[in-house]
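# Survey of secondary and tertiary structure
Each chain, written out:
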There are 2 protein chains.
Amino acid sequence: MSYYTPAQIGQPLADVDTPALILDLDAFERNMRLLNESLAGRNVKLRPHAKSHKCPEIGKRQMALGAVGVCCQKVSEAEAMVDGGVGDVLIANEVVGAAKLKRLTALAKRANIAVCADNSENVTALGAAAQAAGVTLNVLVEVNVGANRCGVEPGEPAFRLAKQIHESKHLRFAGLQAYQGGAQHLRKTEERRAAIKAACSMVKRTTALLAQAGSPCERVTGAGTGSYMFEAASTIYHELQAGSYIFMDADYAKNDWTESGIPRFEHSLFVWTSVMSCPAADRAIVDAGLKASSVDSGMPRVFDTPGVEYIKASDEHGVLKLASGIALPLGHKLKLVPGHCDPTVNLYDHYVCVRKGVVEALWPIAARGALL
Amino acid sequence: MSYYTPAQIGQPLADVDTPALILDLDAFERNMRLLNESLAGRNVKLRPHAKSHKCPEIGKRQMALGAVGVCCQKVSEAEAMVDGGVGDVLIANEVVGAAKLKRLTALAKRANIAVCADNSENVTALGAAAQAAGVTLNVLVEVNVGANRCGVEPGEPAFRLAKQIHESKHLRFAGLQAYQGGAQHLRKTEERRAAIKAACSMVKRTTALLAQAGSPCERVTGAGTGSYMFEAASTIYHELQAGSYIFMDADYAKNDWTESGIPRFEHSLFVWTSVMSCPAADRAIVDAGLKASSVDSGMPRVFDTPGVEYIKASDEHGVLKLASGIALPLGHKLKLVPGHCDPTVNLYDHYVCVRKGVVEALWPIAARGALL
């Protein structure tokens, strides 16, 4: 509807109304190149996670720069990606329930799709759904490599599930999903390195069993922005699933990157906001609250404005604390760096893509709200 | 798009795919009646806050039961309400910037609109926009009654701003906005009562100055679900802006309600979720994470399922801790009570309205994402 169009192409950023989700195209493109350069000479493929951006325009740009496909978390997210022209999607997650399996197998008819499993009953259901749809479905075993979320335990339990997939007529065993989500925001480089080292030994225990049984593992996939260089250097991982590197949110920016081999990505994603109230000398209120910038991983950071701190969010208001001598006039616009990019993107219908201060494009966030 | 349709009318709830936002119509209707009954005999009007529901279908039902209109926080939210048939909207917030003022004054031509102000410069801009549009705009002075967010200070500063509005040819002084947001989640009844007592004395200081000057204040508006009975009993407030009472989220449910006169509203809003992984005896993973239930005010609560606690949310996963002896089978569906209803509603495009276990309607959340 018209009241949701956030900007006009060609409009100066200064005139874009607030709040809006701004993507700085130069910084975004530099981040994509930086990641590629950091992996030069490594025998590893990139499959960025699209749950961060939910946008086929971005997925296609990642693939144009060499990514082999994208990851999604939900069938509906994958549908949006395929509809938008992304032809290779790994659902890096379990898919449960007849309704979703039907959609999953339908999608596998029109794109290169793989899915994860961590449960024998679910593998049986995946096989039945694939048979009903007349497809052969690629299924990876998700292994718990330390995040203690989903995933079977490494070694024998993972091997047994892989065997079940292998023996299912309508499924194809397509490797191991081994994402150490708990490692990504460990602040110290050494902590992250150690967590991935531990994950690698769990993967190795599993791949050794597979090799012994004569069904070698063709793909180990995992990694995130916080750790991907450790997986890349391991020679155990074949695919990297980093997602946030294109945006670089405030939470990731708190990580220590020294001696990680991971470049310092720039902030490219911003919430554009206006000062809507100047009620006291030490306080200004902006029009972006927790419906404009997700606070699950902390408050947004005010970009490039010394002496101004975003200290509190309510639904539609943000409270800025002003250092002594700092004043922001009513209507003043500024950029916030979201605490956590993924759920912030999920609040908007479009990226307002800006280059050198001018709106160059509006990219629909096609998979916004894609929960099913 | 088709992949976002969350349910079919007539479908049993058990068959509705997950995650989905469920509205239990019986509980919702009881909550609306309970609030009305609690105000019987009080000389006070109800103007529920639509930022909680963002849904004209709900706004119209509230008005059918006697509400004089709704509140919104954003012009775009108000546009969605007016487009959906709600004819009376107070924007209980400041509106700043030429683009928004133009839309605000256009909206004032087709519905009964009022807006708040807390700044002299903004009042001047409101007057100019009203003149340009050829409308007379209703403007309330927002007074800081203790929340320390927006609002001028009570007494002289509020009086001076009211005078400026009064003297502006194209504006009509329409009362005081006096919402004590900071009081709503104070856990103890007595703390909330004391905060509203303090707010009332700040309002009185201001209305006395207005009466002295011969321009009595026609409307004092404010209150939320946590405190509304204190404002109702004050005889100072004319309008109550409670919003969450229709849903009753997990955060509000932690308030002590004894001797408040506020009824115990029922949970009517739920996130419907499935167990998607059973990786350990003490842990189950559900498919609703922080993109399905906002965690800004704490984790969702598992409804009606003793021994099961939602302890951690990531983007698309929720970790349930299972007490000893409790097991949830793969695919098992359960209801979560969101921590905070407003930002949770803002994640979905529809309410799946259920009565006695059957889907009765899908109500579009027309103002989802309405930030401008």
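Residues numbered from 1 in each chain as written. Chains lettered and ligands numbered in written order. Predicted model: local features only at pLDDT ≥ 70, side-chain atom pairs only at ≥ 80, totals over all residues.

## Some thoughts on the overall build of chain A
Along chain A, the regular secondary structure elements total 9 helices and 17 strands. The C-alpha radius of gyration computed for chain A amounts to 22 Å, which stays within 12% of the reference 21 Å derived for 372 residues, consistent with globular compactness. C-alpha atoms of chain A, sized along the principal axes, occupy 70 × 45 × 35 Å. For chain A, buried positions account for 60% of its 372 residues. (Helix = DSSP H or I, 4+ residues; strand = E, 2+ residues; numbered from the N terminus. Rg over C-alpha atoms; globule rule 2.2 N^0.38 Å. Buried ≥ 20, exposed ≤ 12 C-beta atoms within 10 Å, placed from the backbone.)

## Details of the relation of the copies chain B and chain A
When chain B is brought onto chain A, the operation consists of a screw motion whose angular component is 180° and whose axial shift is 0.0 Å, with 0.0 Å RMSD remaining. Read as a symmetry element, the transformation amounts to a two-fold axis. Within chain B, the C-alpha atom positioned nearest to the axis of rotation is that of B:D296, 3.0 Å from it. Of the residues that chain B buries at the interface, 100% are likewise interface residues in chain A, meaning the two copies contact each other through the same surface. (Least-squares fit on C-alpha atoms with pLDDT ≥ 70 in both. Contact = placed C-beta atoms within 7 Å.)

## Considering the interface of chain B and chain A
Contacts between chain B and chain A engage 54 residues on the former and 54 residues on the latter. The element contributing the most residues to the side of chain B that touches chain A is strand 10 (residues 269–280) of chain B, with 5 residues. Each residue belonging to the side of chain B that touches chain A can be placed in one class, and the counts come to 23 nonpolar, 16 polar and 15 charged. (Nonpolar A, V, L, I, M, F, W, Y, C, P; charged D, E, K, R; others polar.)

## Quick notes on the nonpolar core
Counting 254 residues, the largest nonpolar core has A:I91, A:V139, A:V352, B:I91, B:V139 and B:V352 as its most contacted members. Discounting chain neighbours no more than four positions away, the residues touching A:I91 are A:C72, A:V75, A:A78, A:A114, A:V115 and A:C116. (Core = buried A, V, L, I, M, F, W, Y, C linked by C-beta atoms within 7 Å.)

## Considering the domain arrangement of chain A
Residues and elements named next belong to chain A. Entries for chain A in the domain assignment read domain 1 (2–21 + 265–364) and domain 2 (39–248). For domain 1 and domain 2, the distance between their C-alpha centroids amounts to 34 Å. A per-element tally of the side of domain 1 that touches domain 2 places helix 9 (residues 341–345) first, with 3 residues. Looking at the side of domain 1 that touches domain 2, its residues break down into 6 nonpolar, 3 polar and 2 charged. (Domains from an automatic or database assignment.)

## Topic: the sheet that holds strand 7 (residues 171–177) of chain B
Residue and element names in this part refer to chain B. Spatial strand order, 2-9-8-7-6-5-4-3: 8 strands in an open sheet with parallel pairing. Edge strands, defined here as strands with exactly one partner in the open sheet, are strand 2 (45–46) and strand 3 (70–72). Sheet analysis places strand 7 next to strand 8 (residues 220–222), joined by 2 bridges and oriented parallel. Considered in strand 8, the bridge of L176 is made with V220. On top of the sheet, helix 6 (residues 156–167) reaches strand 5 (112–117), strand 6 (137–142) and strand 7; it is set at about 170° to strand 6, its chief contact. (Pairing = 2+ DSSP bridges. Axes fitted to C-alpha atoms, helices over the stretch in contact; angles between N-to-C directions.)

## Let's talk about helix 6 of chain B
Residues and elements named next belong to chain B. Between its first and last C-alpha atoms helix 6 spans 16 Å; for 12 residues at 1.5 Å apiece the expected length is 16 Å, and the two agree. A158, F159, L161, A162 and I165 are the residues of helix 6 that are buried. Mapping the buried residues of helix 6 onto a view down its axis gives an arc of 165°, with all of them on the same face. Opposite its buried face, helix 6 presents the exposed residues E156 and E167, each directed more than 90 degrees away. (Expected span 1.5 Å × (residues − 1). Arc of directions from axis to C-beta.)

## With respect to the packing of helix 6 of chain B against helix 7 (residues 189–212) of chain B
Any two packed helices are characterised by how steeply their axes cross, that is the angle between the axes, and by the distance between the axes. Residues and elements named next belong to chain B. Relative to each other, helix 6 and helix 7 sit at 45°, their axes nearing to 9 Å. The angle between the axes of helix 6 and helix 7 places the two elements in the oblique class. Between helix 6 and helix 7 lies a crossing of right-handed hand. Two secondary-structure elements touch here, helix 6 through A158, F159 and A162 and helix 7 through T206, L209 and L210. Class assignment for the residues of the contact of helix 6 with helix 7 results in 5 nonpolar, 1 polar and no charged. (Parallel < 35°, antiparallel > 145°, perpendicular 65-115°, else oblique. Left-handed = near helix turned anticlockwise from the far one by under 90°.)

## Here we look at the sheet that holds strand 4 (residues 88–94) of chain A
All names here are of chain A. The strand order 2-9-8-7-6-5-4-3 describes an open sheet built from 8 strands, whose pairing is parallel. With partners counted over all chains shown, the strands left at the sheet margins are strand 2 (45–46) and strand 3 (70–72), one partner each. Pairing analysis gives 2 bridges linking strand 2 to strand 9 (residues 239–240), with the strands arranged parallel. The residue of strand 9 that forms the bridge with K45 is E239.

## Focus on the confidence of the model for chain A
In this model, chain A carries an average pLDDT of 97, and 99% of its residues clear a pLDDT of 70 or more. Per the prediction output, this complex has pTM 0.97; the corresponding ipTM is 0.97. (pLDDT = per-residue confidence, 0-100.)

## Structural notes on the pairing of strand 14 (residues 318–322) of chain B
Residue and element names in this part refer to chain B. As paired strands, strand 11 (residues 283–286) and strand 14 are joined by 4 bridges and run antiparallel to one another. Following the sheet pairing, I285 is matched in strand 14 by V319. The pairing of strand 13 (residues 308–313) with strand 14 spans 5 bridges and is classified as antiparallel. Bridge pairing in strand 14 links A313 to G318.

## Notes on the environment of A:E29
Relative to the helices and strands, A:E29 resides in helix 1 (residues 25–38). Sequence separation between A:E29 and A:R61 is 32 residues; the distance between their C-alpha atoms is 9.3 Å.

## Brief notes about helix 1 of chain A
Residue and element names in this part refer to chain A. Compared with an ideal rise of 1.5 Å per residue, which puts 14 residues at 20 Å, helix 1 spans 20 Å between its outermost C-alpha atoms and is within 8% of the ideal. Buried within helix 1 we find F28, N31, M32 and L35. Seen from one end, helix 1 has its buried residues packed into an arc of 95°, which puts them on one side. Opposite the buried face of helix 1, at more than 90 degrees from it, the exposed residues are D26, R33 and E37. The inward-facing, buried residues of helix 1 abut strand 1 (20–24) and helix 2 (56–64).

## Brief notes about unusual backbone geometry
Residue and element names in this part refer to chain A. A cis amide bond links T18 with the next residue in sequence, P19, at an omega value of -10°. Phi at A223 takes a positive value of approximately 85°, unusual for a residue other than glycine. Along the chain, A223 turns up in the loop between strand 8 (220–222) and helix 8 (228–234). A tally of 29 C-beta atoms within 10 Å means that A223 is categorised as buried.

## Brief notes about the packing of helix 3 (residues 75–83) of chain B against helix 4 (residues 98–107) of chain B
Residues and elements named next belong to chain B. Their axes nearest at 10 Å, the elements helix 3 and helix 4 cross at an angle of 25°. One way to sum up the angle between helix 3 and helix 4 is to call them roughly parallel. Classified by chirality, the crossing of helix 4 by helix 3 is left-handed. Residue-level contacts link V75, A78, E79 and V82 of helix 3 to K100, R103, L104 and L107 of helix 4.

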